[in-house]
Amino acid sequence: MKNTNQSYKTQIRTWWKENAMQNIFFLLPASGVWCICIFFILMWKGLGKLNLSDEIIITLIGSTTLNILVFFTLVTKYLFNSEKST
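Residues numbered from 1 in each chain as written. Predicted model: local features only at pLDDT ≥ 70, side-chain atom pairs only at ≥ 80, totals over all residues. Heavy atoms only, no water.

A. The overall build of the chain, seen in detail. Secondary structure assignment for the chain yields three helices and zero strands. Written out in order from the N terminus, the α and β elements of the chain read α-α-α. Burial analysis of the chain (86 residues in total) assigns 17% to the buried set. Counting contacts in the chain only where the partners sit at least 6 residues apart, residues at least 24 apart contribute 66% of the total. (Helix = DSSP H or I, 4+ residues; strand = E, 2+ residues; numbered from the N terminus. Buried < 20%, exposed > 50% of the residue type's maximum accessible area, 1.4 Å probe, protein only. Contact = heavy atoms within 4.5 Å.)

What follows is the structure, given as structure tokens:
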């Protein structure tokens, strides 16, 4: 069972390495667009044009921060892993 799991991890790592630039060029703009949307929501909230509760604003900021941190953590962990590079 462990060999199957290890084989699966090797296949995933190989796929990431083969498609690295395509994945980054897709995911990076998606994170950027999300951040820009959050920026405009916060601006509209600050200018008084958008009426959102504090709980919603905190959720938006938290989810944006988590989105960015997880994205870059996954990229650095699986794409630039020097320990198991071939």
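Anyway, onward from the coordinates.
B. The arrangement of the packing of aromatic side chains in detail. All chains considered together, the criterion is met by two aromatic pairs. Aromatic side chains F39 and F40 sit 5.6 Å apart centroid to centroid with 70° between the ring planes, which places their arrangement in the edge-to-face category. On the basis of an interplanar angle of 35° and a centroid distance of 6.1 Å, the ring pair of F40 and W44 is categorised as tilted. On the criterion of helical spacing, the pair formed by F40 and W44 is a turn pair, its members being four residues apart in helix α2 (residues 20-47). (Phe/Tyr/Trp six-rings, centres within 6.5 Å; stacked < 30°, edge-to-face > 60°.)

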